[in-house]
Amino acid sequence: LYFGLLVGLLLYNLLLFLSVRDHAYLIYVIFVACIGVSQAASSGLGAQFLWPHATWWNHNSINLAYSASGVFGVQFARSFLASRLRMPLLDRWMATLVGLWGVSILVALFLPYRVAGLTVTGLALVGVVTVVAAGAISIHRSHPGAQYFGLAWAALLMGVITLALHNNGFLPSNAFTGNALLIGSAFEMVLLSFA
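(A) Quick peek at the packing of helix 8 (residues 146–167) against helix 10 (residues 180–194). It is the contact of helix 8 with helix 10, at a shortest axis distance of 8 Å, that shows an interaxial angle of 175°. With respect to their mutual orientation, helix 8 and helix 10 come out roughly antiparallel. Across from Tyr148, Phe149, Leu151, Ala152, Trp153, Ala155, Leu156, Gly159, Val160, Thr162 and Leu163 in helix 8, the residues of helix 10 making contact are Ala180, Leu181, Gly184, Ser185, Phe187, Glu188, Leu191, Leu192 and Phe194. Along the lines of polarity and charge, the residues of the contact of helix 8 with helix 10 split into 15 nonpolar, four polar and one charged.

(B) Representation of the layout of surface pockets within the structure. In this structure, the largest pocket spans a volume of roughly 1000 Å³. For the largest pocket, the lining is made up of 38 residues, of which Tyr66, Thr121, Ala124, Leu163 and Leu181 are closest to its centre. Contributing elements (two or more residues each) for the lining of the largest pocket: helix 2 (23–43), helix 4 (55–81), helix 7 (113–140), helix 8 and helix 10. The element best represented in the lining of the largest pocket is helix 7, accounting for 11 residues. Of the residues contributing to the lining of the largest pocket, the split by class is 22 nonpolar, 15 polar and one charged.

(C) Here's a closer look at the nonpolar core. Of all hydrophobic cores here, the largest spans 43 residues; its most connected members are Tyr28, Val74, Phe76, Phe149, Trp153, Met189 and Leu192. Put simply, the parts of the chain that give this core at least two residues each are helix 1 (2–20), helix 2, helix 4, helix 6 (88–110), helix 7, helix 8 and helix 10.

(D) How the structure looks around the side chain of asparagine 13. In this fold, asparagine 13 is placed in helix 1. Relative accessible area serves as the criterion here: at 2%, asparagine 13 is assigned to the buried category. Within the structure, the side chain of asparagine 13 is placed 3.3 Å from the side chain of serine 193, a separation counted as a polar contact. Other than its neighbours up to four places away in sequence, asparagine 13 contacts Tyr25, Tyr28, Val29 and Ser193.

Parameters at a glance
Residues numbered from 1 in each chain as written. Predicted model: local features only at pLDDT ≥ 70, side-chain atom pairs only at ≥ 80, totals over all residues. Heavy atoms only, no water. Axes fitted to C-alpha atoms, helices over the stretch in contact; angles between N-to-C directions. Helix = DSSP H or I, 4+ residues; strand = E, 2+ residues; numbered from the N terminus. Parallel < 35°, antiparallel > 145°, perpendicular 65-115°, else oblique. Contact = heavy atoms within 4.5 Å. Nonpolar A, V, L, I, M, F, W, Y, C, P; charged D, E, K, R; others polar. 1 Å grid on protein atoms, 1.4 Å probe; cavity = no way out; pocket = protein on both sides within 12 Å on 5 of 7 lines; lining within 4 Å. Points joined across faces, edges and corners; volume = space filled by probe spheres on them. Core = buried A, V, L, I, M, F, W, Y, C linked by side-chain atoms within 4.5 Å. Buried < 20%, exposed > 50% of the residue type's maximum accessible area, 1.4 Å probe, protein only. Polar contact = N/O pair within 3.5 Å; in protein donor to acceptor, adjacent residues only side chain to side chain.

Structure follows, in structure tokens:
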């Protein structure tokens, strides 16, 4: 269901990009594709069905795909919220985050898995909090679509927090807590498409 939803949103927004030529749609499509690859890698479904014999890719795909998701997720936020014009100070920080996510791609390629994983985890928390803050500022300033945008990133943040609490033993293991990131990112993708 999750991957079907992502493919549907990806194709729908790709068609929108081809018809209206708004680059925000293309950035969103790439972001959705990266999220799909990262979830396929982290769930093990990618290794099982898509790249069963690609040992190097299987080992590195999680951190690489999450890093690419970070690049395009923050870049989509900058584009959608027109942060360069509407909040230039925060936009500079967001541009720095895009650069840091780019560096994390290199970290995932050349440094040990543990270092890459810690880099991705730290940037994910900072990146999602930053984008949620940008969404809140945009909602306060009545930016069109900002309410959906803010809800979308808040859903992802809740998924990240819930999964982190689950993985560290603070929440019990059940279908919701074990799949919190999938649930949060599914809501995020749908709400961003509405936005």
